[in-house]
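Structural features, examined
Listed here are the chains, written in short residue letters.
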Amino acid sequence: IVHVTAHGEAKKEQLLASRSAKAGEEIVLVKWIGMEGTLRIIREEGAALAERFAPGFLNKLEDMRDEIFSDRAMEIAGRNGVSALWDMAEGAGIGLSVEMKKMTVRQETIEVCEVFHLNPYQLTSTGAVLMVTPKGEELKERLKREGIPAEIIGHTTEGNERIIWGGGEKRFLDRPAPDELARIYEMKENVNA
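Residues numbered from 1 in each chain as written. Predicted model: local features only at pLDDT ≥ 70, side-chain atom pairs only at ≥ 80, totals over all residues. Heavy atoms only, no water.

1. Here's the deal with helix α1 (residues 35-52)
Stated formally: The helix count covers DSSP runs of H or I at least four residues long, the strand count covers runs of E at least two residues long, and both are numbered beginning at the N terminus. Take the residue count of a helix, subtract one, and multiply by 1.5 Å to get its expected span. Axes are fitted to the seven residues ending at a residue and to the seven starting at it; the angle between these axes is taken as the bend at that residue. Using a 1.4 Å probe on the protein chains alone, a residue whose accessible area is under 20% of its type maximum counts as buried, one over 50% counts as exposed, and one in between counts as partly exposed.
Here α1 is 18 residues long, yet its end C-alpha atoms lie only 19 Å apart, well below the 26 Å a rise of 1.5 Å per residue gives. A bend of about 90 degrees at Glu45 is the largest found in α1. All of the buried residues along α1 are Met35, Gly37, Thr38, Leu39, Ile41, Ile42, Glu45 and Leu49.

Spelled out as structure tokens, the structure:
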């Protein structure tokens, strides 16, 4: 059992509140989805990956560790009037419309997921930050000037529908499903059984 207590302080104007998001704002994805999940797969299945990929490829993956934390991105976002997207739709009582093809994912993540038949869009994504702002293009360009990848992937809507578009197909988002990493652990259990 692990028990953690944390305390932090911030000025009121520095807090990013999910309930402050409004319909008609843009959703900006900062960095790439699936980064942490990719690194955890490497840690769990490094030997299997070493059989399939060259050492240079695996070293490039390890270098992703330095990309996980987004302090500079959060600092820039705070100055551009953003709201955090995590649980934002629920807290603000608004909907979402997001395009899957606009979500940035590194090719390395896709290749690692293919080895284990995992969906990179359902992989833990610590390091990626989703933000909502009325000035999406401005935020995106400011982040890119700082060398931080960012893309507008959708917008907030009236009502409470949470829609994801993929290949011209409209799907409704459910509550978060179990992370794809759970499938890695299930595969290990089945092999050891």
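2. Remarks on the pairing of strand β1 (residues 26-30)
Applied cut-off: Strands are labelled as partners when DSSP assigns at least two bridges between them.
Among the five residues of β1, four are classified as buried, and the element is accordingly described as predominantly covered. Note: β1 against strand β4 (residues 129-133), five bridges, orientation antiparallel. In the sheet register, Val30 faces β4, and the bridge partner there is Val129.

3. Some words on the packing of aromatic side chains
Note the cut-off: Classification of ring pairs rests on two measures: the distance between centres of Phe, Tyr or Trp rings, Trp counted by its six-membered ring, which must be within 6.5 Å, and the angle between planes, read as stacked under 30 degrees, edge-to-face over 60 and tilted in between. Geometrically, a charge over a ring is one whose NZ (Lys) or CZ (Arg) sits within 6 Å of the ring centre while staying within 35 degrees of the ring normal.
According to the stated counting rule, one finds one aromatic pair in the structure shown. When the ring centre of Trp32 is taken as origin, the NZ or CZ atom of Arg106, which lies over that ring, is 4.9 Å away.

4. Notes on the side chain of Lys140
Put simply, the rule reads: Whether two residues are in contact is decided by their heavy atoms, any of which lying within 4.5 Å being enough.
As for its position among the elements, Lys140 is in helix α6 (residues 136-145). In this structure Lys140 touches Ala150, Glu151 and Ile152, once residues within four positions along its chain are discounted.

5. Quick look at the environment of Lys102
Among the structural elements, Lys102 can be located in the loop between β3 (95-99) and α5 (107-116). For Lys102, a relative accessible area of 37% translates into the label partly exposed. For the pair Lys102 and Gly154, spaced 52 residues apart in the sequence, the C-alpha separation amounts to 8.3 Å. Residues contacting Lys102, with those up to four places away along its chain left out, are Glu151, Ile152 and Ile153.

6. Comments concerning the nonpolar core
Keep this limit in mind: In plain words, nonpolar cores are sets of buried Ala, Val, Leu, Ile, Met, Phe, Trp, Tyr and Cys residues tied together by side-chain atoms within 4.5 Å.
Membership of the largest hydrophobic core comes to 20 residues, with the highest contact counts inside it found for Ile41, Leu49, Leu61 and Phe116. The set of elements that each furnish at least two residues to this core consists of α1, α2 (55-62), α5 and α7 (181-192). Broken down by element, this core gets its largest block of residues, five residues, from α1. In this structure, Ile27, Ile33, Met100 and Ile164 belong to the second largest nonpolar core, which totals 16 residues.

7. Describing α6
Heads up, the rule is: Arc, as used here, means the arc of the directions from the helix axis to the C-beta atoms.
Residues of α6 that are buried include every one of Gly136, Leu139, Lys140 and Leu143, and no others. Summarising the axial view, the buried residues of α6 lie within an arc of 100 degrees, below the 170-degree limit, and thus occupy one face. Just beyond α6, the residue with positive phi is Gly147, at close to 80 degrees.

8. What to know about the packing of α2 against α5
Relative orientation and spacing of two packed helices are given, respectively, by the angle between their axes and the distance between those axes. Short version of the rule: For helices, the fitted axis covers only the stretch in contact; all axes are lines through C-alpha atoms, and the angles between them, taken along N-to-C directions, range from 0 to 180 degrees. Put simply, a crossing is left-handed when the front helix is turned counterclockwise from the back one by less than a right angle, and right-handed when it is turned clockwise. Charged residues are taken to be Asp, Glu, Lys and Arg, nonpolar residues to be Ala, Val, Leu, Ile, Met, Phe, Trp, Tyr, Cys and Pro, and polar residues to be all remaining types, Gly included.
Between α2 and α5, the least distance of the axes is 10 Å, while the angle of their chain directions is 115 degrees. In terms of crossing hand, the pair formed by α2 and α5 is left-handed. Residues Phe57, Lys60 and Leu61 of α2 touch α5, and the partners they reach there are Glu108, Glu111 and Val112. Grouping the amino acids of the contact of α2 with α5 by side-chain chemistry returns three nonpolar, no polar and three charged.

9. Overview of the environment of Thr124
In plain terms, the rule: A 3.5 Å cut-off defines polar contacts: any pair of N or O atoms within that distance qualifies, except that in protein one atom must be a possible hydrogen donor and the other a possible acceptor, and neighbouring residues in sequence count only when both atoms are side-chain atoms.
Within the element layout of this structure, Thr124 appears in the loop between α5 and β4. Using a relative accessible area of 17% as the deciding quantity, one classes Thr124 as buried. Separated by 91 residues in sequence, Thr124 and Ile33 have C-alpha atoms that sit 7.7 Å apart. Side chain to side chain, Thr124 and Glu36 meet in a polar contact 3.3 Å long.

10. Thoughts on unusual backbone geometry
For Lys31, which is not a glycine, the phi torsion comes out positive at approximately 75 degrees. For Lys31, the position within the fold is in the loop between β1 and α1. A residue is classified by how much of its surface remains accessible, and Lys31, at 7% relative accessible area, is buried. If you check the backbone angles, His117 has positive phi at about 55 degrees while not being a glycine. Counting through the fold element by element, His117 comes out in the loop between α5 and β4.

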